[in-house]
Amino acid sequence: MISKLFLTLLIFGSTFSQNQDPSPECLSIFRNAALKKHNELRALHGSPPLTLNLTISIFSQNYANYLAKNLMFAYNVSSYGMNLARALAPIGHLDCKYWADFMTKQWYDEKNIYEIKNPHNIASFRFTQLVWKDTSQIGIGLSIANISLNKNKYNFVYYVANYFKPDKTDVKIAEEFNVERSTVTKVFQRKDKYINLANEEATSKKSRIQLGYFSLVEEARYKWYLAAKSANIP
């Protein structure tokens, strides 16, 4: 749905927009404040704190820049959960901490329309995304569009947050073998080597793959591929 402000921009007078990258200092303040506010609000619901992920933040920043450049407000389909916010701010100095706190709180305030019997209610999905307990990492992007309307200038502040939750399969395997989840993730990253080895159907060649310290996990992974192949599991 097109916002009232955007309709105003279309109807009255000419408009001009220019994407403006926030300063590194502002972006750092914004991300830290948004992360802190997330964790404060999540704690109210017993959800564990999030950590800031640089890779996901770069992904979020690129999308925030795209939205600001095109004056758009649209969700992107990706492997992450996403929250978006856009606000009209006075031109000039941007209070980065204020906007991080304010817009994050706007998402959280959807709790007032959250329905326990219908947790997937689209009217409150930003709230549920924010406090979702399985989420472990967040990436944050901030971009600014300078807008001129009838000789008056404004800032459109775009805030993008992407959320990541770990694969429960990784967690389950890590618990079973009493190792860190990151170790299991590394094993999964080497899956192509195990697939090729299984296709050769020659266990004597397994020594070509250098096993790490947690060889039991890698051994179990290898046996799983052999069993899957023999059972014709894709």
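Definitions and limits used
- Starting afresh in each chain, residues are numbered from 1 along the sequence in its written order.
- In keeping with the predicted nature of the model, local features appear solely for residues at pLDDT of at least 70, side-chain atom pairs appear and are counted solely at 80 or more, and the whole-chain, interface and lining totals rest on all residues.
- Only hydrogens and water are set aside when side-chain values are computed; all heavy atoms of the structure are taken into account.
- By the criteria applied, helices consist of DSSP H or I runs no shorter than four residues and strands consist of E runs no shorter than two, each listed in order from the N terminus.
- Each accessible area is a Shrake-Rupley result for a 1.4 Å probe, and residues are judged covered by the shown protein chains and nothing else.
- We call a pair of cysteine sulfur atoms a disulfide whenever their separation is within 2.5 Å.
- Only protein chains enter the area calculation, which uses a 1.4 Å probe; residues under 20% of their type maximum are buried, those over 50% are exposed, and those in between are partly exposed.
- Two residues qualify as a contact provided that any one of their heavy atoms is within 4.5 Å of a heavy atom in the partner residue.
- Put simply, two rings from Phe, Tyr or Trp (the six-membered ring, in Trp's case) pair if the centres are within 6.5 Å, and we call them stacked under 30 degrees between planes, edge-to-face over 60, tilted for the rest.
- By definition here, charges over rings are those cases where NZ of Lys or CZ of Arg is within 6 Å of the ring centre and within 35 degrees of the ring normal.

- Identification of the protein as SCP domain-containing protein from Brachionus calyciflorus is taken from an unreviewed UniProt entry.

## Considerations on the overall build of the protein
Okay, step 1: Within the protein one finds nine helices and five strands.
Okay, step 2: Along the chain direction, N to C, the helices and strands of the protein fall in the order α-β-α-β-α-β-α-α-β-β-α-α-α-α.
Okay, step 3: For the protein, the computed accessible surface area is about 14200 Å², with 56% contributed by carbon and sulfur atoms.

## Re the state of the cysteines
Okay, step 1: Tallied over the entire structure, the rule returns one disulfide.
Okay, step 2: There is a disulfide in this structure between Cys26 and Cys96, and the S-S distance comes to 1.9 Å. Its torsion about the S-S bond being -110°, the disulfide of Cys26 and Cys96 is classed as left-handed. Of the two residues, Cys26 is situated in helix 2 (residues 24-43) and Cys96 in helix 4 (residues 96-108); the sequence distance between them amounts to 70 residues. One exposure class covers both Cys26 and Cys96, and it is buried.

## Description of the side chain of Asn39
Okay, step 1: Its place among the elements puts Asn39 in helix 2.
Okay, step 2: Residue classification places Asn39 among the buried positions, given a relative accessible area of 19%.
Okay, step 3: In this view, Asn39 contacts Pro49 and Leu50; residues no more than four positions away in its chain are not counted.

## Digging into the packing of aromatic side chains
Okay, step 1: Applying the stated criterion to the full structure yields eleven aromatic pairs.
Okay, step 2: Residues Tyr108 and Phe127 carry aromatic rings whose centres are separated by 5.6 Å and whose planes lie at 65° to one another, so their mutual orientation is edge-to-face. Here the residue Tyr108 occupies a position in helix 4, and Phe127 occupies one in helix 5 (residues 125-131), the gap between them amounting to 19 residues. For the pair Tyr108 and Phe127, a shared accessibility class is recorded, and that class is buried.
Okay, step 3: Ring-pair connections join several aromatic residues into one group, and the members of that group are Phe30, Trp107 and Tyr159.
Okay, step 4: Between Arg86 and the ring centre of Phe156, over which it is positioned, the NZ or CZ distance is 4.6 Å.

## Let's talk about the side chain of Ser60
Okay, step 1: Counting through the fold element by element, Ser60 comes out in helix 3 (residues 54-70).
Okay, step 2: Discounting chain neighbours no more than four positions away, the residues touching Ser60 are Gly139, Ile140, Gly141, Val160, Ala161 and Asn162.

## Considerations on unusual backbone geometry
Okay, step 1: The backbone of Leu71 shows a phi angle near 50°, a positive value even though the residue is not glycine.
Okay, step 2: Relative to the helices and strands, Leu71 is located in the loop between helix 3 and strand 3 (81-90).

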